[in-house]
Amino acid sequence: MSPLVQLAAEEAENPLIPPIPELVIGLIAFVIVFGFLAKKLLPNINKVLEQRREAIEGGIEKAEAAQTEAQSVLEQYKAQLSEARHEAARLRQEAQEQGAALIAEMRAEGQRQREEIVAAGHAQIEADRKSAAQALRQDVGHLATDLAGKLVGESLEDHARQSRVIDRFLDELEEKAEAAR
């Protein structure tokens, strides 16, 4: 056996070492496929990955912007709510003050009207008392002159004298009444 045949026989026997022509053809095919993938497929893959990265980064930026905007809107709403609460408290306070002033004004008006009514009542009572006293004087005067005329036996029709006698008599009665008090 020749050494080449023996070497070939040994190589054929070793299943781990492929034949050289297959190895060369496989290497050329690998370089062609790898070159094709590097030229055509890899740029498309990188382009898609870049687009996804930009979309993700843009989405994160949009989310951060939206969160910042939402935070500022929330702070504005809280400020407006606080301002509205202060305004409501101020309006309640003003309404209570106006109510208290109105109550005080109505009480003062009621007190003034009551005093006017009481004063008018006192004036009416005083006028009625004077009117009743005058009517009583006249009635007592007429009765007294009639009685005196019957006692004396002559008519006491002189008006001036009759009035003086009646007034003097009633004044004496009033002095006695005041002294008795």
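About the cut-offs
- Residues numbered from 1 in each chain as written.
- Predicted model: local features only at pLDDT ≥ 70, side-chain atom pairs only at ≥ 80, totals over all residues.
- Heavy atoms only, no water.
- Helix = DSSP H or I, 4+ residues; strand = E, 2+ residues; numbered from the N terminus.
- Buried < 20%, exposed > 50% of the residue type's maximum accessible area, 1.4 Å probe, protein only.
- Areas by Shrake-Rupley, 256 points an atom, 1.4 Å probe, with all protein chains shown as cover.
- 1 Å grid on protein atoms, 1.4 Å probe; cavity = no way out; pocket = protein on both sides within 12 Å on 5 of 7 lines; lining within 4 Å.
- Points joined across faces, edges and corners; volume = space filled by probe spheres on them.
- UniProt positions renumbered as here; feature names shortened; annotations may be inferred.
- Salt bridge = Lys/Arg side-chain N within 4 Å of Asp/Glu carboxyl O.

Visitor: I'd love a proper account of the overall build of the protein, names of residues and values included.
Guide: Of regular secondary structure, the protein possesses three helices and zero strands. Tracing the protein from N to C terminus, the helices and strands come up as α-α-α. Put simply, the protein has 181 residues, and 3% of those count as buried. By element, 62% of the accessible surface of the protein is carried by carbon and sulfur atoms, the whole surface being about 16,100 Å².

Visitor: Give a detailed account of the layout of surface pockets, specifying residues and quantitative values.
Guide: A water-sized probe rolled over the atoms picks out the places where empty space is left. In this structure, the largest pocket spans a volume of roughly 230 Å³. Among the elements of the structure, helix 2 (20-152) and helix 3 (159-180) are those that each provide at least two residues to the lining of the largest pocket. The greatest single-element share of the lining of the largest pocket, amounting to five residues, is contributed by helix 2.

Visitor: Talk me through the UniProt feature "transmembrane region" (unreviewed entry) in the protein; I want residue IDs and the actual numbers.
Guide: UniProt feature "transmembrane region" (unreviewed entry): in the numbering of this structure it lies at residues 20-38. Along residues 20-38, the helical share is 100% and the strand share 0%, with 26 Å between the first and last C-alpha atoms.

Visitor: Hey, could you go over the pattern of salt bridges for me, with residue numbers and the actual values?
Guide: In the structure shown here, the tally under the stated rule is seven salt bridges. A salt bridge links arginine 53 to glutamate 57; its shortest N-O distance comes to 2.8 Å. Placement of both arginine 53 and glutamate 57 in helix 2 is noted, with a separation of four residues, approximately one turn of the helix. Ionic pairing is found between glutamate 87 and arginine 90, a salt bridge with its closest N-O pair at 2.2 Å. Taken together, the residues glutamate 87 and arginine 90, both in helix 2 and three residues apart, mark about one turn of the helix. If you follow the salt bridges from partner to partner, you end up with Glu50, Arg53 and Glu57 in one network.

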